Amino acid sequence: MTRDFEGKTEQDAINQAIEALHIEREDFDVEILDNGKRGLFKKANVKIRVHIDSDSDDEKDSKPFIPSDDSTSDADYADDYDQEEEEDLEPNEELEQKVCEFIDQMVSHMGYESKTTVSSRKGKKVNLEITSESSSIIIGRKGKNLDAIQVLANVYAGKIDTERKIIVDSEGYRLRHEEQIIKTAYRTAMQVRKTGRSRLLEPMNPYERRLVHTALNDVTGIETKSEGEGLYKQVRVISKRKRY
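Residues numbered from 1 in each chain as written. Predicted model: local features only at pLDDT ≥ 70, side-chain atom pairs only at ≥ 80, totals over all residues. Heavy atoms only, no water.

A closer look at the pairing of strand S9 (residues 234–239)
For S9, a buried count of 5 out of 6 residues is recorded, marking the element as mostly surrounded by other parts of the structure. Alignment of strand S7 (residues 199–200) against S9, held across 2 bridges, turns out to be antiparallel. Its bridge partner being in S9, Leu200 is matched across the sheet by Arg236. Looking at chain direction, strand S8 (residues 222–227) and S9 are connected through 6 bridges and run antiparallel. Its bridge partner lying in S9, Ile222 is registered against Ser239. (Buried < 20%, exposed > 50% of the residue type's maximum accessible area, 1.4 Å probe, protein only. Helix = DSSP H or I, 4+ residues; strand = E, 2+ residues; numbered from the N terminus. Pairing = 2+ DSSP bridges.)

Now the structure itself:
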């Protein structure tokens, strides 16, 4: 489902969407249709398009599925569970500063201003936070822009320090996105358990798929299986209910 809104600023348009649709900010993604810039002395309203996930969209991907006796979900998504406890590395402040500057330069080339800082460190991961008045654009629809920035940041960081992994976030998007993925996974699992029909979730990267597998691992009568090729695969939520 999509709806268009406009306002004097991006946040004004977003607030109008929240009020009109009676939903929370984390329940939709924002696509900028018109940033309102017309020149030095002219400025128009900012126009946005709100994208809302709909339960009915999943139905198109749903079809009966009877798991075979030798099917094991663990084997199907073994690559999604590649997570080991890592010892904290000593901070590499020089690397962190260079990566932050690199990201701010990228955002500047996009036409926006930002300030990137280190928010936390864990194991080999360095978590960076981008602060900007244009955070919705930097995040992009379903976090695609943020993911692209993160990929480039890791390529750049890898030339300096091959041990570090850079995680890039803005306005706590990743945490909200993870919560939304888990909420959708639980809702889908309840529907599958009720109907007995499997359902496919939208394509996700390995980390997002791992969230789903972990969240539904202990749900009675449900199993999960990754399907597809490449980095972005889909998770099928399957009922363990026997069919005769």
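Examining the sheet that holds strand S2 (residues 28–34)
Here 3 strands make up an open sheet; going across it, the order is S1-S3-S2 and the pairing antiparallel. Whereas interior strands pair on both sides, the edge strands pair on one side only; in this sheet they are strand S1 (2–7) and S2. Taking the axes of each pair of neighbouring strands and ignoring which way they run, one obtains an average angle of 30 degrees across the sheet. Helix H1 (residues 10–21) rests against S1, S2 and strand S3 (46–52) of the sheet, and its axis sits at about 130 degrees to S1. (Axes fitted to C-alpha atoms, helices over the stretch in contact; angles between N-to-C directions. Contact = heavy atoms within 4.5 Å.)

Side note on the packing of helix H7 (residues 173–195) against helix H8 (residues 206–216)
Orientation of H7 relative to H8, taken along the N-to-C sense of each, is 45 degrees, at an axis distance of 9 Å. With respect to each other, H7 and H8 are oriented oblique. Classified by chirality, the crossing of H8 by H7 is right-handed. Contact residues: His177, Glu178, Ile181, Ile182, Ala185, Tyr186 and Ala189 in H7; Tyr207, Glu208, Leu211, Val212, Ala215 and Leu216 in H8. Across the contact of H7 with H8, the residue classes break down as 10 nonpolar, 1 polar and 2 charged. (Parallel < 35°, antiparallel > 145°, perpendicular 65-115°, else oblique. Left-handed = near helix turned anticlockwise from the far one by under 90°. Nonpolar A, V, L, I, M, F, W, Y, C, P; charged D, E, K, R; others polar.)

Description of the nonpolar core
Soluble globular proteins: nonpolar side chains tend toward being buried together. With 20 residues, the main nonpolar core has Val99, Ile103, Leu128, Ile130, Ile149, Ile166 and Val168 as its most contacted residues. For this core, the secondary structure elements donating two or more residues are helix H4 (93–109), strand S5 (125–131), helix H5 (135–139), helix H6 (144–158) and strand S6 (165–169). It is H4 that contributes the most residues to this core, 6 residues altogether. Every residue in contact with Ile166, bar those within four places of it in the chain, is listed here: Val99, Val126, Leu128, Gln150, Ala153, Asn154 and Ala157. (Core = buried A, V, L, I, M, F, W, Y, C linked by side-chain atoms within 4.5 Å.)

Section: the pattern of salt bridges
A complete count under the given rule lists 7 salt bridges for this structure. Here Glu94 makes a salt bridge to Lys98, at a shortest N to O gap of 3.3 Å. Of this pair, Glu94 and Lys98 both sit in helix H4, 4 residues apart, which is roughly one turn of that helix. Glu94 sits in the exposed class, given a relative accessible area of 52%. For Glu202, the salt bridge goes to Lys142, with nearest N and O atoms at 3.6 Å. Of the two residues, Glu202 sits in the loop between S7 and H8 while Lys142 sits in the loop between H5 and H6, which places them 60 residues apart along the sequence. (Salt bridge = Lys/Arg side-chain N within 4 Å of Asp/Glu carboxyl O.)

Focus on unusual backbone geometry
Phi at Lys142 is positive, roughly 55 degrees, even though this residue is not glycine. Residue classification places Lys142 among the buried positions, given a relative accessible area of 19%.

Thoughts on the pairing of S3
The buried fraction of S3 amounts to 5 of the 7 residues, a majority that puts the element mostly inside the structure. With 6 bridges joining them, S1 and S3 adopt antiparallel strand pairing. By the bridge assignment, Asp4 is partnered in S3 with Arg49. Sheet analysis places S2 next to S3, joined by 6 bridges and oriented antiparallel. Paired with Asp34 across the strands is Lys47, a residue of S3.

Regarding the sheet that holds S7
Sheet strands line up and pair through hydrogen bonds in the backbone, either parallel or antiparallel. Pairing within the open sheet is antiparallel, and its 3 strands lie in the order S7-S9-S8. For this open sheet the edge positions go to S7 and S8, each flanked by a neighbour on one side alone. The strands touched by H7 are S7, S8 and S9; relative to S9, the strand with the most contacts, the crossing angle is about 40 degrees. Here H8 sits on the sheet and contacts S8 and S9; the angle it forms with S8, its principal contact strand, is near 165 degrees.

Treat this as a map of the structure, not an account of what it does.
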